[in-house]
Structure formats: C-alpha cells, structure tokens
Amino acid sequence: MEVSNRETRIAREYHDRTAHSPSSVRTSSHALAWDIKPFPFKVYTDLPPLALPREVDPLPIDTLAALAAGPKGAAARVTLADLTALLYYAAGVTKKKTYAGGGEVLFRAAPSTGALYQTEAYVAVGRVDGLEPGLYHFCPGDFALRCLRAGDVRAFLAHAVADETIARRAATVLLTAIYWRNTWKYQARGYRHLFWDSGTLLAHLLEVGSALGLAPRLYAGFVDAAVSRALGVDAEREAVLELVALGPEGAPAPPVASVEDRRHPYLPLSSSEVDYPLLHEIHAASMLATPDDVRVWREAGRGLGGRVSANVVEEGGPRALVALPAPREASGRVLGETIQQRGSTRQFSHASLSAAELATALWAATRPIDADVPAGLVDLYLIVNAVDGVTSGAYWYRPEAHALELLAAGHYRNESAYLCLEQPLGGDAAAVIYFLAPLARILPVLGNRGYRLANLEAGIAGGRAYLAAYAQGFGASGLTFYDRHVVEFFSSHAAGKDAIFVVALGRGAGSGRVTIGTTPSRPRRPSA
Ligand SMILES: Cc1cc2nc3c(=O)[nH]c(=O)nc-3n(C[C@H](O)[C@H](O)[C@H](O)COP(=O)(O)O)c2cc1C
C-alpha cells in the first residue's frame, strides 16, 4: 500500500530508529564485508564514453567573494567547458591515496561519509555549446559522459518539476544516490547520508555554478517516479534526490508527452547486496505523485518561510549576545584551488581560530540558497573550544544578527568529543557546529519530504562551512553523533529539536607537533 507524504510518523520513526546511542553502537554486530564492498563508480557497459576535456577552468574568483555573490546569472550561454568545470569541482576525482597493502581510494571534490560516494550526477542538456541535446550520465572514474537518451528531455522534466522555466533553462543537473554504496557500511542510517553528501556536493555545484554565471537554482520538489523513469534508474536501488537548473533562459524546449522506460546495463557494484527496508519505506513515504502535489508542497514550504526555530524569543528573556566580526570579504584563495586542495582534517591541533575566521564560516554556512523551497529549517548550535576573543562554551548562532547567543560558558572539549560518537576530532577542533532542526514543526507542514529537506540543508551548510574553512587556511570535518545526547546537551534551548548533522572546524595537527587526542566524556547538561 502506498504511504503518503503526510503520514509523518514514517519520518519520525525512521529518525528515531536510526539514532546513534552508546548502547546501539556497542551492541551493533555489523561488520564490514570487504569482499562485497561496492564499486565506487557507475559504469554503463553498452554506452560509449564521451571524454570530457582534461583542461579545467581554474575558477579564478576568490572563494569568499564567490560565496558572497550568490546565484548570479550573467552568462549568455553554457559551454562544454562550463559543464566540465561544474562536474569536476562538484563530483570529480581530485586526489588518489594508496594505502599500505595496496588499497587505493580515489577521493572526490566534495566530502562524503566514509569516502563511499553514493551520489551520482546526470545532466539534461538543452542548449550547451559543444554538446548535443540529450540526457547524460557523468562518470568521474574515466571523466566522461555517456548519453542515456538522445534528444531534449527538458520539457518532460519541467512537467515533473512543475516549473516550466526548466524547459527554458540551458541545462539541468540531476543528482541521485545508489543506496548500497553507503548502506554497505552505515546500514539504514545511510538514508540521512544521502542528503548530507548530496548537500556537500551541492555546496560546490551551487558555488561553482554561480562563479560561472549560470544562476543555479535548486529543486527539491518533483514527481519522483517521473524523473526516475527519465533517467532509467532502478528505483529500488537508486533514488533521485535533487535537480539544479542552470544557464540562461531561452525558447522553451519542444513538448515531450512521455519518455519510454529505457534501462541501460551497468557494471554490478558487488556480487551481492543487502537490502534495508527502512530506507525504502522513508523514501517511498516522502515521494510526490503528481505535478499538483509538487505545487501544493512547494506552496506549503513557502508558507513555512525563513527560519522555523521557536527560539527567537525565549522564555526567561534574551540571553547575552556575542556580536561576531563581519565576515571576511576575501580569503586570498581562489575557488578552484580551494576545492582542489580540500580534504577532511583527520586530526585537529588545539590551536585557536580567530573570531573573524569562525564568523566567516558561520556566515558562509547560512548564505541563502536559490531553491524552490525556503531554507532556514536548521539551527546552528556550537561548542566553542578555542576561538580568540570568544569565551569557551555552548552557543546558538543567530544568522539574522550575525551573533552568538551564549547558552553556557565552560570547557567542553571532552563532552564535544563524546557527542560526536566519542571521536576525538569533535573535542580537538576549535569549534564544532551542531545542526539541529525542529522536526516537530517541519514535518506537519512539509510532510516526510521535510525530513529530506532538513538533512539536505544541513549538508549544504556543512559543505559551505568546509569551503570557507579551506579558503581561509584551516580545516573541517563532517562528523556523526549521538542524537539524543546532542539535543540534551543544548537543552533547555534545544528541547524538542532533533540532531541532524555536525561539522568540526579547526587547525590541522601536523608539522612534526604531537597532539594528544581529547578523551571523550559523557556530558552533564551545561545549561541545566
Ligand atoms: C556528512 C559527512 C559525515 C562525516 N562523518 C565523519 C565522521 O563521523 N568521522 C570522520 O572521521 N570523518 C567523517 N567525515 C569525513 C569523511 O570521512 C571524508 O569526507 C571522506 O573520507 C572523504 O575524504 P575527504 O573529505 O578528505 O575528501 C564525514 C564527512 C561528511 C561529508
């Protein structure tokens, strides 16, 4: 039986059943089956590769200026070189590491849980100089496109997205995720990761698209089954997540009444796969069935508008506000270099950040997103361990005031490490952003799809914080967490919210110095 987007117990149950706790982690019997580790690339076996140019635009715009500029749309046309830069800096292979024993990992431009890279990118081309209209898959492994469908499908997509501008924009990038690549390690919790990881990828795609003048616009609302059919993906294994329209508007693409269901064979990911029904359940229950459903959902999102946090005026009166310095306007590092050099920090020193560096990362994380539904679903809570001029403690960031609200002063390195699933990274960092969302307010308005959205927004914000950190010469790492303990730590302020995602910021340990990792310890409530 089909479950509707309105039956929000499904998202609630999914979130609760995939929460991490000390006991769930300690009692888990899940072991990594290395013999069936999924292959990280989707390679179609019946389609010839169309090699992309190997010379890529260096994007010579300062990273922070690119973040400040927002979704500009100055370009009069889209070229193959633009598309190449966009795909490379969002989803391309940027470095290779060979480990003792011969194992090799091809790291990608955007960070991704466990370096498993389940996000796949496709592009529907209408008017791109140097490329015939059609629907293409991008394979970062051989840096090539493969044409899944010749001919213009933009009008079909416009219908599925319930927005006719899609038929006039030059091209649309479509992101999907192959479940098994992530669930192999993370099991049912992997559904959250689909949105965190497509979010970090989108942070790159939106920034690079803006830098190229392509006015990228994100769509989270669409008829899932229709887009899935256009791509010819197996919906049981691969979920369509988001679309991004690009480039100038022109004459509308000719109408396409329907697209035939055409599947192309591709290399198997592994000899066997494990299915996680919880994941299918939440995905199916957050689908939209018709263009009208999409319109209604989008309208509801607009009604929600802006920040949904309940804490702007808190009972007990306002707390002490710590004004932050204005965000830095330039970092000295251009966008192409920032992305090329980016890598998650594997060990933080205890060195401090300046208040301006932290302020710039928080500003970057909360920049507006040009999208079909408004952002503002997630709140940024922080543990500040070492930021010059900012008292150590627990805070809530208020983007509209660009200020921190002090929840509790204190030294919380050990607690922060504990909250981050007892990972020392979470205590060694100079500051740790905890993204929390009031699901109890979001789900009644946006249904189960609001759950996708909260995770996605946190992923995009996290990806932007990563970019702002690397541009400024310090590091970042996404982290996972103990759900309930995070909420309790920031309560009473965060009472009723849910933990969504975490990003740690700080200076990397290295250059011969030894940093002894923080010892995690279970927190007592700081603000109780
Ligand atoms: C959403 C997200 C969650 C992550 N969680 C963790 C984590 O809990 N612990 C950790 O050590 N690294 C974590 N990482 C970092 C990834 O392991 C890292 O991005 C991946 O190995 C790719 O490496 P790179 O970022 O250096 O390119 C996370 C990254 C992301 C994007």
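Residues numbered from 1 in each chain as written. Predicted model: local features only at pLDDT ≥ 70, side-chain atom pairs only at ≥ 80, totals over all residues. Heavy atoms only, no water.

A.B. asks: Mind showing me how you'd approach the site of the ligand here?
C.D. replies: The local shell around the ligand holds 22 residues, among which R342, S344, Q423, G478 and T480 are the closest. Note that an oxygen atom of the ligand is positioned 3.2 Å from one of the backbone N or O atoms of S112. T480 is positioned such that a nitrogen or oxygen atom in its backbone is 3.0 Å from an oxygen atom of the ligand. Burial of the ligand by the protein chains amounts to 88% of its free accessible area of 620 Å². Tallying contributions element by element places strand β15 (residues 475–479) first for the shell around the ligand, with three residues. For the shell around the ligand, the domains that each give at least three residues are domain 1 (43–265) and domain 2 (321–506). (Near = heavy atom within 4 Å. Polar contact = N/O pair within 3.5 Å; in protein donor to acceptor, adjacent residues only side chain to side chain. Areas by Shrake-Rupley, 256 points an atom, 1.4 Å probe, with all protein chains shown as cover. Helix = DSSP H or I, 4+ residues; strand = E, 2+ residues; numbered from the N terminus. Domains from an automatic or database assignment.)

A.B. asks: For this particular structure, what's the right way to read the packing of aromatic side chains?
C.D. replies: The description of an aromatic ring pair rests on the distance of the ring centres and on the angle between the ring planes. Considering all chains together, one arrives at 19 aromatic pairs under this definition. Ring plane angle 70° and centroid distance 5.1 Å describe the contact between Y191 and F195, whose orientation is recorded as edge-to-face. Placement of both Y191 and F195 in helix α7 (residues 190–211) is noted, with a separation of four residues, approximately one turn of the helix. Across this residue pair, the class does not change: Y191 and F195 are buried. (Phe/Tyr/Trp six-rings, centres within 6.5 Å; stacked < 30°, edge-to-face > 60°. Buried < 20%, exposed > 50% of the residue type's maximum accessible area, 1.4 Å probe, protein only.)

A.B. asks: Is there a simple way to explain the pairing of strand β14 (residues 431–437) in this structure?
C.D. replies: Consecutive side chains of a regular strand alternate in pointing toward one face of the sheet and then the other. Counting buried positions along β14 gives seven out of seven residues, so the element sits mostly inside the fold. Burial along β14 is two-sided: A431, I433, F435 and A437 and V432, Y434 and L436, pointing in opposite directions, are all buried. Direction of pairing for strand β11 (residues 379–384) relative to β14: antiparallel, over a ladder of six bridges. In the strand pairing of β14, Y381 is matched with Y434. (Pairing = 2+ DSSP bridges.)

A.B. asks: I keep staring at the sheet that holds strand β7 (residues 169–178) and nothing clicks. Help me out?
C.D. replies: Strand-to-strand pairing in sheets goes through backbone hydrogen bonds, with the strands running parallel or antiparallel. If you walk across this open sheet you meet the seven strands as β1-β6-β5-β4-β7-β9-β8, and the pairing is antiparallel. Edge positions in the open sheet fall to β1 (50–51) and β8 (217–219), since each of these has one partner strand only. Pairing of β8 with strand β9 (residues 238–249) involves three bridges; the strand directions are antiparallel. Its bridge partner lying in β9, R217 is registered against A245. Strands β4 (119–125), β7, β8 and β9 of the sheet are contacted by α7, whose axis makes an angle of about 15° with β9. (Contact = heavy atoms within 4.5 Å. Axes fitted to C-alpha atoms, helices over the stretch in contact; angles between N-to-C directions.)

A.B. asks: I would appreciate a short explanation of the state of the cysteines in the present structure.
C.D. replies: A covalent bond bridging the sulfur atoms of two cysteines is what the word disulfide describes. Inspection of every chain in the model, using the stated rule, returns zero disulfides. No disulfide involves C147; its sulfur sits 15 Å from the nearest other cysteine sulfur, which is in C139. (Disulfide = S-S within 2.5 Å.)

A.B. asks: Sorry, what's going on with unusual backbone geometry here?
C.D. replies: Note on backbone geometry: most residues besides glycine have negative phi, and most peptide bonds are trans. The step from S491 to S492 runs through a cis peptide bond, and the omega angle for that step is 20°. With phi around 55°, A162 is a residue other than glycine that occupies positive phi space. Owing to a relative accessible area of 15%, A162 belongs among the buried residues under this scheme. The backbone phi angle of H402 is positive, close to 45°, even though this residue is not glycine. Here H402 lies in the loop between β12 (393–398) and β13 (403–409).

A.B. asks: Even after reading the chapter, I still don't get the packing of helix α4 (residues 80–91) against α7, so can you show me in this structure?
C.D. replies: For any two helices packed against each other, one specifies the inter-axial angle together with the distance between the axes. In the contact formed by α4 and α7, the axes pass within 8 Å of each other and the chain directions differ by 150°. In terms of orientation, α4 lies roughly antiparallel with respect to α7. Crossing handedness for the pair α4 and α7: right-handed. Between α4, through A85, L86, Y89, A90 and A91, and α7, the contact on the second element is made entirely by L201, H204, L205, V208 and G209. Its residues assigned to classes, the contact of α4 with α7 comprises eight nonpolar, two polar and no charged. (Parallel < 35°, antiparallel > 145°, perpendicular 65-115°, else oblique. Left-handed = near helix turned anticlockwise from the far one by under 90°. Nonpolar A, V, L, I, M, F, W, Y, C, P; charged D, E, K, R; others polar.)

A.B. asks: Quick question: what am I supposed to make of the pattern of salt bridges here?
C.D. replies: Pairing between side chains becomes possible if they bear opposite charge and their charged atoms approach one another. Considering all chains together, one arrives at 31 salt bridges under this definition. The salt bridge partner of R12 is D16, with a shortest N-O separation of 2.8 Å. In this pair, R12 and D16 are both assigned in helix α1 (residues 9–17), four residues apart and thus about one turn of the helix distant. Note that R189 and D483 form a salt bridge whose closest N and O atoms lie 3.0 Å from each other. Here D483 lies in helix α17 (residues 483–489) and R189 lies in the loop between α6 (179–186) and α7, a separation of 294 residues in the sequence. We classify R189 as buried; its relative accessible area is 4%. Judged by its relative accessible area of 6%, D483 is buried. (Salt bridge = Lys/Arg side-chain N within 4 Å of Asp/Glu carboxyl O.)

A.B. asks: Hey, could you run me through the sheet that holds β11 in this one?
C.D. replies: With respect to topology, seven strands assemble into an open sheet ordered β10-β13-β12-β11-β14-β16-β15, the strand pairing being antiparallel. Of all strands in the sheet, those bounded by a partner on one side alone are β10 (321–323) and β15. For this sheet the average axis-to-axis angle between neighbouring strands, irrespective of direction, equals 30°. Of the strand pairs in this sheet, β10 and β13 are connected by three bridges, and their pairing is antiparallel. Paired with V322 across the two strands is L404, which belongs to β13. Lying over the sheet, helix α12 (residues 355–365) contacts β11, β12, β13, β14 and β16 (498–506), oriented at roughly 160° with respect to β11.

A.B. asks: For this particular structure, what's the right way to read the environment of L269?
C.D. replies: As for its placement among the helices and strands, L269 is situated in the loop between β9 and α9 (277–284). Assessed through its relative accessible area of 8%, L269 is described here as buried. Once the C-alpha coordinates of L269 and P133 are considered, the two residues, 136 residues apart in sequence, prove to be 29 Å apart. Leaving out residues up to four positions away in the same chain, L269 has contacts with K37, P38, F39, F41, I178, W180 and R181.

A.B. asks: Explain the domain arrangement of the protein here, please?
C.D. replies: The extent of an interface is frequently quoted as the accessible surface area lost upon association of the parts. Domain boundaries in the protein define domain 1 (43–265) and domain 2 (321–506). A C-alpha centroid distance of 26 Å is found between domain 1 and domain 2. Between domain 1 and domain 2, the contact holds 45 residues from the first and 46 residues from the second. When the two sides are added together, the surface that domain 1 and domain 2 hide from each other amounts to roughly 3700 Å², 59% of it contributed by carbon and sulfur. Its largest share of buried area at the contact with domain 2, domain 1 owes to T63, L64 and W196, together 19% of the area lost on that side. (Buried area = accessible area lost by both parts, 1.4 Å probe.)

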